[in-house]
Amino acid sequence: MTPRAADRARYDRATAHLDAPVAIVDLEAFDANAADLVRRAGGKPVRVASKSVRCRALLERVLAREGFAGIMSFTLDESLWLARAGFEDVLLAYPSADRSGFGELARDPKLAAAVTVMVDDVAQLDLIDASRAGGTEEVRVCLELDTALSLLGGRIRIGARRSPLREPAELAELARSVERRPGFRLVGIMAYEGHVAGVGDALAGRPLRSRAIRLMQAAARRELAERRAAVVRAVRAVAPDLEFVNGGGTGSVQHTAAEDAVTEIAAGSGLFVPRLFDNYTSFSGRPAALFAQPVVRRPGVGVVTVLGGGYPASGAAGPDRLPVPYLPEGLTYDPQEGPGEVQTPLLGSPADDLRIGDKVWFRHAKAGELCERFESLRLVEGDRITATVPTYRGEGQTFL
C-alpha cells in the first residue's frame, strides 16, 4: 500500500460515520508542517497568517508551540474579533477603510494595545483620524514596503501590486508623518515578497520555466535584501523603538530569516500545504487539510460523479486555481466540465472501484479559503476524529 493509499484508508475509517461533504485536518501532518516552519525560520519567531487557517482552534494550537508568536490578520473586523477573543498580538496585513472598526479600535484600550494596522499613505491616517468618533486611544501603525522586482528602469515589474512605497526615503517620510501625528505610534515594517514566497519554482514538466523562476527569485532576493536593510535603517533613524520588521511567506522562510534586518517571519499556508505549494525546491510539506465529496452517480466505465466540488481559489483564473482530486490516486476532471457547482464528473480507472456513497478526497488550491466552504473541521489523529472545531464560517464570521 502506498503512503497515499494508507492515508486514504485512515481518513475513510475516521469519517466512516459521517456523510460527505466533510473537511478534515490531519493533526500529525499539521504539527509536522508547523515544526518545519520553525526549523526553517532559524530562531526567528513565525507570525501566523490567519487567512491561511481561518479556524480559531487551530490558530490557538499553533501559537501554543514554541517558535510561533502573533497573528497576521486580513481585515480590521477580523483583527478586532480575534483581539476580543484574547489574541494579544494581531498585525493587520492590509490597509482598511472600515470606519466603524477604527472607531471601536480608538475607543477600546484592550483592542488598541493588541491590534496593529497597516498604512502606506497619509490618506489612510486621515481616514483613521476621521473615524475616531471621540476615541483617544493611540493607534499602532505598521508601514508596508513594496517588494516587487523592478527591471529595465521600471519597464518590467515582477511582484504583487501592494504598497506604493519602494525607496528608503519614501518610507522614512511616511514614518515622520506618523511620528508627528498625535494619536499614532509607529511600531513596525512589513514586506511580503509574494513573487518569491508564493510562486513555485519546480513546475512539473516545465524545466525551462522552472529555471527561469529560480533565476528571477534569486535576483529578487538579493535586490530586496539590500533594499529592505536600507529601508529599516532609514525608518529606525526616525523611529528607533521600532518593535518588528516582518517579512517572508511559506515559500521563502529560510531565505528571509537569513536577513539581519528582519526580526520575524510570516507564514500560514505551510501549515495546511495546499496544492499550490507542491512545486517548491525550498521545502516539502505534508498535505494536512482535505475535503471529501460523495460519489452520487456512476455514468459509465471509468467515470463517477461526485456532489459539488467547484471550489476555485482566488488569483488569476487558471487550472492551478482548482481543487485537485487526491484520493484515490489517478482520478482527473472531465476537461469539458471541470469541477462543478453541484456535480463533478471524475475520470480514471479508480472510478470503477468506487461505489455510490464512497468518498473522494480533494486538496484545495489555497489554504484557508477551504474554510469558507465548511462550518467545521474534523481533526484526525491516526484513524480517529478527536475533535470537531468551527471554522470562521462556523462561528458566523465571514470577513471577506
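This is a predicted model, so every value here is computed, not measured. (Residues numbered from 1 in each chain as written. Predicted model: local features only at pLDDT ≥ 70, side-chain atom pairs only at ≥ 80, totals over all residues. Heavy atoms only, no water.)

> Even after reading the chapter, I still don't get the overall build of the protein, so can you show me in this structure?
Helix and strand content of the protein: 12 helices and 19 strands. The C-alpha radius of gyration computed for the protein amounts to 22 Å, which stays within 12% of the reference 21 Å derived for 400 residues, consistent with globular compactness. Expressed along its principal axes, the backbone C-alpha trace of the protein runs to roughly 70 × 50 × 35 Å. Out of the 400 residues belonging to the protein, those deemed buried represent 53%. For the protein, contacts bridging at least 24 residues in sequence account for 69% of all contacts bridging at least 6. On the protein, roughly 17,100 Å² of surface is accessible, and the fraction owed to carbon and sulfur atoms is 51%. Counting 51 positive and 52 negative side-chain charges, the protein places the averaged centre of each group 4 Å from the other. (Helix = DSSP H or I, 4+ residues; strand = E, 2+ residues; numbered from the N terminus. Rg over C-alpha atoms; globule rule 2.2 N^0.38 Å. Buried < 20%, exposed > 50% of the residue type's maximum accessible area, 1.4 Å probe, protein only. Contact = heavy atoms within 4.5 Å. Areas by Shrake-Rupley, 256 points an atom, 1.4 Å probe, with all protein chains shown as cover. Lys, Arg positive; Asp, Glu negative; His and termini not counted. Charge placed at Lys NZ, Arg CZ, Asp CG, Glu CD.)

> Please clarify how the side chain of Arg132 should be interpreted in this entry.
Note on placement: Arg132 falls in the loop between α7 (122–130) and β6 (139–144). In terms of polar contacts, Arg132 uses its side chain to reach the backbone carbonyl oxygen of Glu137, at 3.0 Å. Not counting residues up to four positions away in its chain, the partners in contact with Arg132 are Gly103, Ala106, Arg107, Glu137, Val139, Pro182, Gly183 and Phe184. (Polar contact = N/O pair within 3.5 Å; in protein donor to acceptor, adjacent residues only side chain to side chain.)

> What am I meant to see in the pairing of strand β5 (residues 115–119) here?
Both faces of the sheet carry side chains from a regular strand, because those side chains alternate between them. With 5 of 5 residues buried, β5 is to be regarded as a mostly interior element. Because side chains alternate across β5, one face comprises the buried residues Val115, Val117 and Val119, and the other comprises Thr116 and Met118, equally buried. Relative to β5, strand β4 (residues 90–92) is paired through 2 bridges, and the arrangement is parallel. Its bridge partner lying in β5, Leu91 is registered against Thr116. In this structure, β5 lies alongside β6, joined through 4 bridges in parallel fashion. Note that in β6 the partner of Val117 across the bridge is Val141. Of the crossover connections in this fold, the one passing from β5 over α7 to the parallel β6 is right-handed. (Pairing = 2+ DSSP bridges. Right-handed = clockwise from strand over helix to strand, strands pointing away.)

> What is the right way to look at the packing of helix α4 (residues 76–84) against helix α5 (residues 99–107) in this model?
To characterise two packed helices, one gives the angle between the axes of the helices and the distance between these axes. Viewed as axis vectors pointing N to C, α4 and α5 meet at an angle of 35°, and their least axial separation amounts to 9 Å. Here the hand of the crossing between α4 and α5 comes out left-handed. Along the contact surface, α4 presents Leu76, Leu80 and Arg84, while α5 presents Gly101, Phe102, Glu104 and Leu105. In terms of residue class, the contact of α4 with α5 is made up of 4 nonpolar, 1 polar and 2 charged. (Axes fitted to C-alpha atoms, helices over the stretch in contact; angles between N-to-C directions. Left-handed = near helix turned anticlockwise from the far one by under 90°. Nonpolar A, V, L, I, M, F, W, Y, C, P; charged D, E, K, R; others polar.)

> It is not clear to me how helix α2 (residues 27–41) should be interpreted in this structure. Could you clarify?
Helical geometry note: an α-helix holds 3.6 residues per turn, so side chains three or four residues apart project in the same direction. Spanning 15 residues, α2 covers 21 Å between terminal C-alpha atoms, matching the ideal 21 Å at 1.5 Å per step. Considered for burial, the residues of α2 that qualify are Leu27, Ala29, Phe30, Asp31, Asn33, Ala34, Asp36, Leu37, Arg40 and Ala41. Sitting at the amino-terminal end of α2 is Asp26, which places a side-chain oxygen 3.1 Å from the backbone nitrogen of Glu28. A positive backbone phi angle near 60° is found at Gly42, which sits one or two residues after α2. (Expected span 1.5 Å × (residues − 1).)

> Just checking my understanding: could you explain the environment of Ala219 for this structure?
Note that Ala219 resides in helix α10 (residues 207–238). As a C-alpha pair, Ala219 and Leu149 span 70 residues in sequence and 8.3 Å in three-dimensional space.

> How do you make sense of the packing of aromatic side chains when you look at a structure like this?
Working definition: an aromatic ring pair is given by the centre-to-centre distance plus the angle between the planes. What the rule picks out here adds up to 14 aromatic pairs. Summarising the aromatic geometry, the rings of Phe30 and Phe272 are spaced 6.1 Å apart at their centres and angled 55° between planes, so their arrangement reads as tilted. Of the two residues, Phe30 sits in helix α2 while Phe272 sits in helix α12 (residues 269–272), which places them 242 residues apart along the sequence. With respect to burial, Phe30 and Phe272 carry one shared label: buried. Ring geometry for Tyr311 versus Phe374: centroids 6.1 Å apart, planes at 85°, classification edge-to-face. (Phe/Tyr/Trp six-rings, centres within 6.5 Å; stacked < 30°, edge-to-face > 60°.)

> Would you take a moment to explain the pattern of salt bridges for this structure?
Side-chain pairs of opposite charge can arise where the charged atoms are in close proximity. In the structure shown here, the tally under the stated rule is 34 salt bridges. The residue Asp383 makes a salt bridge to Arg13 at a minimum N-O spacing of 3.1 Å. Of this pair, Asp383 sits in the loop between β18 (376–381) and β19 (384–390) while Arg13 sits in helix α1 (residues 3–14), and the two are 370 residues apart along the sequence. Here Asp146 makes a salt bridge to Arg157, at a shortest N to O gap of 3.0 Å. Placement of Asp146 in the loop between β6 and β7 (149–151) and of Arg157 in strand β8 (residues 156–158) is noted, with a sequence separation of 11 residues between them. With a relative accessible area of 2%, Asp146 lands in the buried category. Through salt bridges with shared partners, one network takes in Asp146, Arg157, Arg166, Glu223 and Arg227. (Salt bridge = Lys/Arg side-chain N within 4 Å of Asp/Glu carboxyl O.)

> Is there a simple way to think about the pairing of β18 in this case?
Two elements, strand β1 (residues 22–26) and β18, share 3 bridges in a ladder whose sense is parallel. In the sheet register, Val25 faces β18, and the bridge partner there is Leu379. Bridge count between β18 and β19: 6 bridges; the pairing is antiparallel. Paired with Glu381 across the strands is Arg384, a residue of β19.

So, to be careful, I would describe these as geometric facts and stop short of saying anything about function.
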